[in-house]
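# Inside the fold
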Amino acid sequence: MVFRKLMAAFGAGVEVDTILATSTVRPGDTLSGQVNFVGGGSDYNVEGIFIDFTAVVEVESGDSEYNATYSFLRQQVAGPFHLTAGARHSAPFQIPVPWETPISAIGGHPLRGMKLGVKTELSLAGALDKGDLDPLFVTPLPIQEHLIMALDRQGFRFSKADLERGTLQGSRMPFFQEIEYYAGPQWSRHFNALELTFITNPHSMDVILEADKRGGFMSSSHDTYNRFTVPLNGNLNAAEQALNNGLHQMAQRRGWF
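What this report covers is the structure whose coordinates are included nearby. Predicted model, so just to flag it, every value in this text is computed and none were measured.

## Side note on the overall build of the protein chain
Within the protein chain one finds two helices and 18 strands. Long-range contacts, defined as pairs at least 24 residues apart, comprise 61% of the intrachain contacts of the protein chain with a sequence gap of at least 6. When the accessible surface of the protein chain is totalled, it reaches about 12700 Å², and 48% of it is carbon and sulfur.

This is how it looks when you write it as structure tokens:
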């Protein structure tokens, strides 16, 4: 057990250690763990201990881009309370993982381009100290995994994934995930790349496809979209058929077929 000293700048010397029951979850799961903490050399009134779900998001500003850390869930797990000098305490917690939490691992492997985690925050004497990021690996729901595997079966090759700032229709998140692919052999004569986005709730999931159109500067349009909804616990083959229909509709809409 490794304790990290917090609030040193305020002379508190409170030590905190967060232990997660597991670092791998799915959207809609419950993240369990406990926060262990030890008082410093004096008594203090702790206003609260918080668990903060965070993600690294790509932000576009004018002609430049930069990464920023966004919080998408913050839950208090302890406090307010009086912490006596040297006292040891433990605060167990259970936090529902938001349904829209982006995927950060597939098949047991981290998804390149994604950085998710949880931070422990201590509020003391009107100041807030954030701890280090504990990595969180979010694996796909069964229907998400099936659609991802369906793209694999069609020869799409994973390129990268990222989070972009913005709120899409039907979403409550301040960012959205794009899982990017190189087009498979069946589609490579029509477009170069495909971007996949999921917007999930407890009952259904919206699937957003964006494909870039092949062609030079004379092309009338470079991107085309398709959006469809599937039941979260519906038939997997029906969801795959909806995916295939979406790809064909995009192709037909631009006269690619």
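## Considerations on unusual backbone geometry
Cis geometry is found at the peptide bond from Gly79 to Pro80, where omega equals -5°. Considering the arrangement of structural elements, one finds Pro80 in the loop between strand E6 (64–78) and strand E7 (81–83).

## Thoughts on the environment of Leu243
Inspection of the secondary structure puts Leu243 in helix H2 (residues 236–253). Judged by relative accessible area, which is 1%, Leu243 ranks as buried. Leu243 sits 93 residues away from Ala150 along the chain, and the two C-alpha atoms are 8.5 Å apart. Non-local contacts of Leu243, meaning those with residues more than four positions away in its chain, are made with Leu147, Ala150, Leu151, Leu209 and Phe228.

## Let's talk about the side chain of Thr101
Its place among the elements puts Thr101 in the loop between strand E8 (88–96) and strand E9 (105–106). For Thr101, a relative accessible area of 4% gives the class buried. At 2.8 Å, the side chain of Thr101 and the backbone oxygen of Pro98 are in polar contact. Residues contacting Thr101, with those up to four places away along its chain left out, are Pro27, Phe72, Leu116, Val138 and Met173.

## A look at the nonpolar core
One recurring pattern in soluble globular proteins: nonpolar side chains tend to sit buried together. Counting 67 residues, the largest nonpolar core has Phe53, Phe156, Leu194, Leu196, Phe198 and Leu209 as its most contacted members. Here this core gathers at least three residues from each of two domains, domain 1 (15–138) and domain 2 (142–253). Ignoring sequence-local partners within four residues, the contact set of Phe198 consists of Ile103, Gln144, Leu147, Ile148, Ile179, Met205, Asp206 and Val207.

## Structural notes on empty space enclosed by the protein
Within the structure shown, the criterion is met by one cavity of 30 Å³ or more. For the largest cavity, the calculated volume is near 150 Å³. Forming the walls of the largest cavity are 16 residues, and the residues nearest its centre are Glu100, Thr101, Pro102, Gln177 and Phe198. Among the elements of the structure, strand E15 (175–182) and strand E16 (191–200) are those that each provide at least two residues to the lining of the largest cavity. Tallying contributions element by element places E16 first for the lining of the largest cavity, with four residues. When its residues are assigned to classes, the lining of the largest cavity shows nine nonpolar, six polar and one charged. Shared between two domains, the lining of the largest cavity takes at least three residues from each, and those domains are domain 1 (15–138) and domain 2 (142–253).

## Concerning the environment of Pro140
Checked against the element boundaries, Pro140 lands in the loop between strand E13 (137–138) and helix H1 (142–153). Judged by its relative accessible area of 3%, Pro140 falls in the buried class. C-alpha separation for the pair Pro140 and Thr101, spaced 39 residues apart in sequence, amounts to 9.8 Å. Those residues in contact with Pro140 that sit more than four places away from it in its chain are Arg26, Ile103, Ala105, Ile106, Glu145 and Ile148.

## A short note on the packing of aromatic side chains
Aromatic ring pairs are reported here in terms of the distance separating the ring centres and the angle at which the planes meet. Applying the stated criterion to the full structure yields seven aromatic pairs. Ring plane angle 25° and centroid distance 6.0 Å describe the contact between Trp187 and Phe191, whose orientation is recorded as stacked. Taking the relative accessible area as the measure of exposure, Trp187 reaches 0% and is therefore buried. Taking relative accessible area as the criterion, Phe191 reaches 0% and is therefore assigned buried. These aromatic residues form a ring-pair network of at least three members: Phe156, Phe158, Tyr181, Trp187 and Phe191. Just above the ring of Phe50 sits the side chain of Arg74; from NZ or CZ to the centre is 3.9 Å.

## Quick word on the pairing of strand E11 (residues 116–124)
The element E11 is extensively covered by neighbouring structure, given that eight of its nine residues are classed as buried. Judged from the nine bridges that link them, strand E5 (residues 44–61) and E11 form a sheet pairing that is antiparallel. The residue of E11 that forms the bridge with Phe53 is Val118.

What counts and what doesn't
- Residues numbered from 1 in each chain as written.
- Predicted model: local features only at pLDDT ≥ 70, side-chain atom pairs only at ≥ 80, totals over all residues.
- Heavy atoms only, no water.
- Helix = DSSP H or I, 4+ residues; strand = E, 2+ residues; numbered from the N terminus.
- Contact = heavy atoms within 4.5 Å.
- Areas by Shrake-Rupley, 256 points an atom, 1.4 Å probe, with all protein chains shown as cover.
- Buried < 20%, exposed > 50% of the residue type's maximum accessible area, 1.4 Å probe, protein only.
- Polar contact = N/O pair within 3.5 Å; in protein donor to acceptor, adjacent residues only side chain to side chain.
- Core = buried A, V, L, I, M, F, W, Y, C linked by side-chain atoms within 4.5 Å.
- Domains from an automatic or database assignment.
- 1 Å grid on protein atoms, 1.4 Å probe; cavity = no way out; pocket = protein on both sides within 12 Å on 5 of 7 lines; lining within 4 Å.
- Points joined across faces, edges and corners; volume = space filled by probe spheres on them.
- Nonpolar A, V, L, I, M, F, W, Y, C, P; charged D, E, K, R; others polar.
- Phe/Tyr/Trp six-rings, centres within 6.5 Å; stacked < 30°, edge-to-face > 60°.
- Lys NZ or Arg CZ within 6 Å of the ring centre and 35° of its normal.
- Pairing = 2+ DSSP bridges.

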